[in-house]
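Structure assessment
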Amino acid sequence: VQLQAFGGGLVQAGGSLSLSCAASGRPYGNYAMGWFRQAPGKERDFVASMRRITGSTFYADSVKGRFTISRDNAKNTVYLQMDSLQPEDTAVYYCAAASFLHDDYYYIARYYNFWGQGTLVTVSS
């Protein structure tokens, strides 16, 4: 499975951006696709993920109520709508997919076995 992320860019605080991630190959089952982000000098943090079949969603507390993850299974694509962006949301955002992921581990990067290239999101104050 290969992942390709689109979107990102520069936006003022309070603005919105949308990211998308397309998966090629043949993902099977109720795999999870989602997003992590990494700010300069910081670790890679979980943002949101979603299961392909059940549609279960998981969000980091820092983005709940502001970000929305969604999917289009026909296109093997997951989307991240980011609203009310703040300067602290500035980071490189990475798309990730996990073939087998227990619900208890949705926020742990090492359980995601496929990664796309990062896309930079910059929020100016």
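The preceding data block contains the structure.
A few points on the structure. (Residues numbered from 1 in each chain as written. Predicted model: local features only at pLDDT ≥ 70, side-chain atom pairs only at ≥ 80, totals over all residues. Heavy atoms only, no water.)

**What about the overall build of the protein?**
Per the secondary structure count, the protein includes 0 helices and 10 strands. Taken from the N to the C terminus, the helices and strands of the protein come in the order β-β-β-β-β-β-β-β-β-β. A globule of 125 residues ought to have a C-alpha radius of gyration of about 14 Å, and the protein, at 13 Å, matches this closely. Dimensions along the principal axes, computed over C-alpha positions, put the protein at roughly 40 × 25 × 25 Å. By residue count, 41% of the 125 residues in the protein fall in the buried class. Partitioning the contacts of the protein with sequence separation of at least 6, the portion at a separation of at least 24 is 54%. By element, 49% of the accessible surface of the protein is carried by carbon and sulfur atoms, the whole surface being about 6,500 Å². Across the protein, the centroid of the 11 positively charged side chains sits 8 Å from that of the 9 negatively charged ones. (Helix = DSSP H or I, 4+ residues; strand = E, 2+ residues; numbered from the N terminus. Rg over C-alpha atoms; globule rule 2.2 N^0.38 Å. Buried < 20%, exposed > 50% of the residue type's maximum accessible area, 1.4 Å probe, protein only. Contact = heavy atoms within 4.5 Å. Areas by Shrake-Rupley, 256 points an atom, 1.4 Å probe, with all protein chains shown as cover. Lys, Arg positive; Asp, Glu negative; His and termini not counted. Charge placed at Lys NZ, Arg CZ, Asp CG, Glu CD.)

**Digging into empty space enclosed by the protein**
Inspection of the entire model under this criterion finds 1 cavity of 30 Å³ or more. By volume, the largest cavity is sized at about 70 Å³. Elements supplying a minimum of two residues to the lining of the largest cavity: β5 (44-51), β7 (67-72) and β8 (77-82). Partitioning the lining of the largest cavity into residue classes produces 4 nonpolar, 3 polar and 4 charged. (1 Å grid on protein atoms, 1.4 Å probe; cavity = no way out; pocket = protein on both sides within 12 Å on 5 of 7 lines; lining within 4 Å. Points joined across faces, edges and corners; volume = space filled by probe spheres on them. Nonpolar A, V, L, I, M, F, W, Y, C, P; charged D, E, K, R; others polar.)

**Some points on the packing of aromatic side chains**
What the rule picks out here adds up to 8 aromatic pairs. A ring pair is formed by Y105 and Y111, whose centres lie 4.7 Å apart and whose planes are at 10 degrees; its orientation type is stacked. Its relative accessible area of 35% is what places Y105 among the partly exposed residues. Classification of Y111 as partly exposed rests on a relative accessible area of 28%. Look at Y106 and Y107: their rings are 5.4 Å apart centre to centre, the planes differ by 75 degrees, and that puts the pair in the edge-to-face class. Judged by its relative accessible area of 22%, Y106 is partly exposed. By relative accessible area, which is 45% here, Y107 ends up partly exposed. Grouping aromatic residues by their ring pairs yields a cluster made of F36, F46, F58, Y106, Y107, Y112 and W115. One Lys or Arg, R44, reaches over the ring of Y94 and ends 3.7 Å from the middle of that ring. (Phe/Tyr/Trp six-rings, centres within 6.5 Å; stacked < 30°, edge-to-face > 60°. Lys NZ or Arg CZ within 6 Å of the ring centre and 35° of its normal.)

**A word on the state of the cysteines**
Counted according to the given criterion, the structure contains 1 disulfide. C21 shares a disulfide with C95; S-S distance 1.8 Å. Taking the sign of the S-S torsion, about -80 degrees here, the bridge from C21 to C95 comes out left-handed. Taken together, the residues C21 in strand β3 (residues 17-24) and C95 in strand β9 (residues 91-98) connect sequence positions 74 residues apart. Per residue, the accessibility class of C21 equals that of C95, and both read buried. (Disulfide = S-S within 2.5 Å.)

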